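Reading the structure
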Amino acid sequence: DALVTKEIFIDNTKKQHTISSIAQIIAKNCTDGTVCIDPSATALKDEILHHHKDVSITETDNDVIDGIRLIQNLSQKNRLWISKGCKNLIRESEGYSWKEATEKETVVKKDDHCLDALRYACMSALPVLRKRESSQENGMLDFVYKRELF
């Protein structure tokens, strides 16, 4: 199962943050030493790797449609749990929408940073989640995959 216990929401509308300050916020709040970030955020990745040696970055799959399907699947099976304290993630999920009348499935990319972080975390955890499903089928112990969102 996937459990989201905490979110770190950086609001750039009130104060513009630099890549360095965002990396510091992430490193300060990263309790398990691993973060999942947007694969295209190379400057942030470089900043974290260069200045925050105790934090590692998990490579993530940025496939939007597959990631959304995974989150939907986990939600429908009651395998995705989000703490009430994750107010921005909850707010974003309530406003999530798809573009209408397009040939290809396309999401409206607006106010979705927490949802993107959830997608990166779930996609990076996919091997663990699959292993859990396999273990459960074999009668082995259940476990929870916990990830904090940045």
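In this text the structure is predicted, and so the values were computed from the model without any measurement.

Conventions used here
- Residues numbered from 1 in each chain as written.
- Predicted model: local features only at pLDDT ≥ 70, side-chain atom pairs only at ≥ 80, totals over all residues.
- Heavy atoms only, no water.
- Axes fitted to C-alpha atoms, helices over the stretch in contact; angles between N-to-C directions.
- Helix = DSSP H or I, 4+ residues; strand = E, 2+ residues; numbered from the N terminus.
- Parallel < 35°, antiparallel > 145°, perpendicular 65-115°, else oblique.
- Left-handed = near helix turned anticlockwise from the far one by under 90°.
- Contact = heavy atoms within 4.5 Å.
- 1 Å grid on protein atoms, 1.4 Å probe; cavity = no way out; pocket = protein on both sides within 12 Å on 5 of 7 lines; lining within 4 Å.
- Points joined across faces, edges and corners; volume = space filled by probe spheres on them.
- Nonpolar A, V, L, I, M, F, W, Y, C, P; charged D, E, K, R; others polar.
- pLDDT = per-residue confidence, 0-100.

Right, let's talk about the packing of helix α1 (residues 19-29) against helix α2 (residues 42-51) for a bit. Close contact between α1 and α2 brings their axes to 9 Å; oriented N to C, the two are set at 60°. By the criterion of interaxial angle, the relationship of α1 to α2 is oblique. Handedness of the crossing formed by α1 with α2: right-handed. Packed against α1, whose contacting residues are Ile-19, Ser-20, Ile-22, Ala-23 and Ile-26, the element α2 presents Ala-43, Leu-44, Glu-47 and Ile-48 at the interface.

Bringing the layout of surface pockets into the picture now. Gaps left between atoms are located by rolling a probe of water-molecule size over the structure's atoms. Each pocket or cavity is described by its volume, and for the second largest pocket that value is around 220 Å³. Around the second largest pocket, the lining residues are Ile-68, Ile-71, Gln-72, Ser-75, Leu-80, Ile-82, Ser-93, Tyr-96, Leu-115, Asp-116, Leu-118 and Arg-119. Of all the secondary structure elements, the ones that give two or more residues to the lining of the second largest pocket are α3 (64-76), β4 (80-82) and α5 (113-124). Taken together, the residues of the lining of the second largest pocket break down into 7 nonpolar, 3 polar and 2 charged.

Within the secondary structure layout, Phe-9 lies in the loop between β1 (2-7) and α1. Taking the C-alpha atoms as reference, Phe-9 lies 8.6 Å from His-113; in sequence the two are 104 residues apart. The contact partners of Phe-9, leaving out residues within four places of it in the chain, are Asn-88, Arg-91, Glu-92 and Cys-114.

Turning our eyes to something else, we now look at the confidence of the model for the protein chain. Per-residue confidence for the protein chain gives a mean pLDDT of 80, with 83% of residues at or over 70. Mean pLDDT across the secondary structure elements of the protein chain bottoms out at strand β5 (residues 145-149), with 45, and peaks at α2, with 92. This model gives residues 137-150 a pLDDT under 50, and the stretch forms 46 contacts once residues within four places in sequence are excluded.

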